[in-house]
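Letter by letter, the chains look like this.
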Amino acid sequence: MRKFKTESKKLLDLMINSIYTNKEIFLRELISNASDAEDKLYLKSLTDSSIKLEEDSLSIRVTPDKDARTLTISDNGTGMTADELEANLGTIAHSGSEEFKAANAEHQGDDVDIIGQFGVGFYSAFMVASKVRVVTRAAGEDVAHVWESDGLEGYTIEDGERDHCGTDVILTLKEDVEGTDGAEGERYSRYLEEWELKNLIKQYSNYVRHPIQMMVTKSRQKPKPEDAPEDYKPEYEDYTELETINSMTPIWKKRGDVEQKDYDEFYKSTFHDWEDPARTITFHAEGALEYDALLFIPGKAPFDLYSKDYEKGLALYSSNVLIMDKCADLLPDYYNFVRGVVDSPDVTLNISRETLQQNRQLHAIANRIEKKVTSELQAMRDQDRDAYEKFFENFGRGLKFGIYSSYGMKASELADLLLFWSAREKKMVTLAEYAKAMPAGQKAVYYAAGDSRDRLEKMPVVRAALDHGCDVLLCTADVDEFTFQAMRTYEAKGLPKTYEDDAAREAAEKAVADGAEPEVEDRSLELKNVAAGDVDFATEDEKKAAEETAKANEDLFDAMKEALGDKVTKVTVSARLTDAPAAITSEGPLSLEMEKVLAAGPDAGEAPKAQRVLELNAKHPVFDKLKSAQESGDKEKLSLYAGLLYDQALLVEGMLPDDPVAFASHVCELM
């Protein structure tokens, strides 16, 4: 027996116990080695006339034997000489494939794809096998060689027999281990079961370029006997048949000859969805980093999309071999709904080929994917609005959260993908569409946040904005206002130019009348909640009248503030209310809607409160009643009125009074 070197023994122990996270990876590694061997033989046949080969004759065979407890992976590739056996299998981390790839780089093309890199994949077999036997015969040789090892001390190399060139890797599987003390056991015999092998091949090696074949059990109906009675029931028998398990050519590498229905079928079968995808994105990148990408935007959100258990990510392949089922780094969180595949022969893998080694390569791919997805969404928004609105209904919350979670840094990429309900237009609009429809002189985007579109439309502050010609975006998602707070402003493009003086405006109007194009400009618009205390739609005359009313009724406002206590920061006259007697607004960065959202969270007891302001409509008959109570010195009645107006305004905002019982009692008392 030839002994492993001490360093090799340590490395082998690491290989078996530490490098791979999943034992089932061994089959992927051995099939990849077999594929490399067949590619090597094909490449040799291109330069060596003595090797007669048809590429279609190359195949990989997987053969389980339950009685002998062996699993055999066979190929009819280039095989190995005794010296190559010694070099490749006797020396751990020596990659014959990598050497061959370097030596024949000028001959490689689309027809050859050497997978191996590290020379360690073969030893993954010892994770599941107590003994590994390799029978191989090199192309052009008459004698075969046998390498055998238990993966502990060393190995033997002897002469053997094989009918033709190629390699058989025969694994004698370990005995099953029962679980103890609640720990899960290890059932190595599952690697001898037909369905398990088929699943592993399809999962990890489905797109290996050579056919992976296995004898599979099938059922067929027996011929009906000639003398069968009238009540004869069909009988069935099992039989075995050689079947190709893998698909070989992946759909993302079929250039130009794939129909949408083929993509739809691939998406539904691969990602277990019953609906066709809303959009399919496919592209090929070349240069310093070559890769193919096939991406899908689902037609419907998965039920667990917004749960903590949802895992984002794209399937990552290298040379058609699955590396990671969900590579999360390929997608930003706000595009976590995207599904698909990325396949690159150039990504630098770690030794187990289960993760990537260089993040800069991943960043380059991820950046390109993000731009492609953004571009596709923009095209859908502009060319198929109905489809985009359906998409946004499913996934818009994530786009909004992307702006909020990035503290507004992603606003430039995502803001124009957002949709909101327009109170004036009665439809979903983008921020750009809102800005272009603004009246001249409007300097902000106005919105109202709440839990119901119908209720928001009836809010006094919303009606006031509409009455003054300003549209209001009605926001009903819990993240909406947090998103706007993170954005702060919206950079509107191509708005009609505003002029500082009448002369400049008149000159521009004359130029347009003479046939010139209207001047446009880019403008930064504030994002304003109409319920904020500093929002005012009133004209200068209305503001002046409100100031005079406030000054004349200071005692009334002071008395109402005293009656309400710390429920409000102040009571004032509103110049914007039209038909409502009063409204609750807020001062500072925290709005009433944000207060409600935070109060519904896990830290409700410590949630901050908005600084509430009670605004009164001086033109409403109720205001006269308040003045009468104040002038008559009836503090009790004034306190009753103040409390009722405050609670009523809270109800309009969708918030319960602090004391609903007291509110009901006061209404009855007034009646």
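Rules used in this analysis
- Residues numbered from 1 in each chain as written.
- Predicted model: local features only at pLDDT ≥ 70, side-chain atom pairs only at ≥ 80, totals over all residues.
- Heavy atoms only, no water.
- Buried < 20%, exposed > 50% of the residue type's maximum accessible area, 1.4 Å probe, protein only.
- Helix = DSSP H or I, 4+ residues; strand = E, 2+ residues; numbered from the N terminus.
- Pairing = 2+ DSSP bridges.
- 1 Å grid on protein atoms, 1.4 Å probe; cavity = no way out; pocket = protein on both sides within 12 Å on 5 of 7 lines; lining within 4 Å.
- Points joined across faces, edges and corners; volume = space filled by probe spheres on them.
- Core = buried A, V, L, I, M, F, W, Y, C linked by side-chain atoms within 4.5 Å.
- Contact = heavy atoms within 4.5 Å.
- Salt bridge = Lys/Arg side-chain N within 4 Å of Asp/Glu carboxyl O.
- Patch = residues over 30% accessible without salt bridge, like charges linked within 9 Å, V, L, I, M, F, W, Y side chains within 5 Å.
- Areas by Shrake-Rupley, 256 points an atom, 1.4 Å probe, with all protein chains shown as cover.
- Lys, Arg positive; Asp, Glu negative; His and termini not counted.
- Charge placed at Lys NZ, Arg CZ, Asp CG, Glu CD.
- Phe/Tyr/Trp six-rings, centres within 6.5 Å; stacked < 30°, edge-to-face > 60°.
- Lys NZ or Arg CZ within 6 Å of the ring centre and 35° of its normal.

1. Some remarks on the pairing of strand β13 (residues 321–327)
Of all the seven residues making up β13, five are buried; the element is thus mostly covered by neighbouring parts of the structure. As paired elements, strand β12 (residues 314–318) and β13 share four bridges and run antiparallel to each other. Directly across from Tyr 317, in β13, lies its bridge partner Leu 322. Taking the residues that link successive antiparallel strands as the turn, the β12-β13 hairpin has two residues, and the phi of Ser 319 there is positive, at about 55°.

2. Here we look at unusual backbone geometry
Unlike most non-glycine residues, His 272 shows phi in positive territory, near 55°. Among the secondary structure elements, His 272 is positioned in the loop between α6 (260–271) and β10 (279–285). For Lys 426, which is not a glycine, the phi torsion comes out positive at approximately 60°. Assignment of secondary structure puts Lys 426 in the loop between β15 (420–422) and β16 (427–429).

3. Observations regarding empty space enclosed by the protein
For the structure on display, the rule yields two cavities of 30 Å³ or more. Its volume calculated, the largest cavity comes out at about 60 Å³. Broken down by secondary-structure element, the contributors of at least two residues to the lining of the largest cavity are β17 (444–449) and α17 (592–599).

4. Describing the nonpolar core
Counting 79 residues, the largest nonpolar core has Tyr 335, Ile 369 and Phe 391 as its most contacted members. What Tyr 335 contacts, discounting residues up to four positions off in sequence, is Glu 370, Val 373, Thr 374, Leu 377, Leu 399, Leu 414 and Leu 417.

5. Quick notes on the side chain of Ser 586
Checked against the element boundaries, Ser 586 lands in strand β22 (residues 582–587). Residue Ser 586 is classed as buried on the basis of its relative accessible area of 5%. The residues contacting Ser 586, other than those within four sequence positions of it, are Ala 531, Ala 532, Gly 533, Ser 591, Leu 592, Ala 610 and Gln 611.

6. Focus: the pattern of salt bridges
Taken as a whole and judged by the stated rule, the model has 38 salt bridges. Among the ionic pairs, Arg 385 bridges to Glu 389, the shortest N-O distance being 3.7 Å. Of this pair, Arg 385 and Glu 389 are both found in helix α8 (residues 385–405), four residues apart, which corresponds to roughly one turn of the helix. When its relative accessible area of 23% is taken as the criterion, Arg 385 is described as partly exposed. Its salt-bridge partner being Glu 521, residue Lys 497 comes within 3.9 Å of it at the nearest N-O pair. With a gap of 24 residues between them, Lys 497 in the loop between β19 (489–496) and α14 (502–513) and Glu 521 in strand β20 (residues 520–529) connect regions that are remote in the sequence. Several salt bridges converge on common partners, so that one network encompasses Lys 198, Lys 218, Glu 241 and Glu 243.

7. Structural notes on a negative patch on the surface
A surface patch of negative charge is lined by Glu 554, Asp 555, Asp 558 and Glu 562. Here Asp 555 lies in helix α16 (residues 554–564). Judged by its relative accessible area of 56%, Asp 555 is exposed.

8. Some words on the environment of Asp 264
Turning to its location among the elements, Asp 264 is positioned in helix α6. Look at Asp 264 and you get buried, because its relative accessible area is 11%. Sequence separation of Asp 264 and Ala 278 is 14 residues, and the distance between their C-alpha atoms is 9.6 Å. Asp 264 has contacts with Asp 276, Pro 277 and Thr 280, leaving out every residue within four places of it along the chain.

9. A closer look at the packing of aromatic side chains
Per the counting criterion, the structure on display carries 25 aromatic pairs. Measuring from centroid to centroid gives 5.1 Å for Phe 26 and Tyr 191, while their planes differ by 80°, and the two rings are edge-to-face. Placement of the pair is Phe 26 in helix α2 (residues 25–47) and Tyr 191 in the loop between β7 (166–173) and α5 (194–204), with a sequence separation of 165 residues. For Tyr 191, a relative accessible area of 0% gives the class buried. Pairwise contacts between aromatic rings join Tyr 207, Trp 252, Phe 266, Tyr 267, Phe 271, Phe 296 and Tyr 317 into one cluster. Seen from the ring of Tyr 306, Arg 397 lies directly overhead, with NZ or CZ sitting 5.2 Å from the centre.

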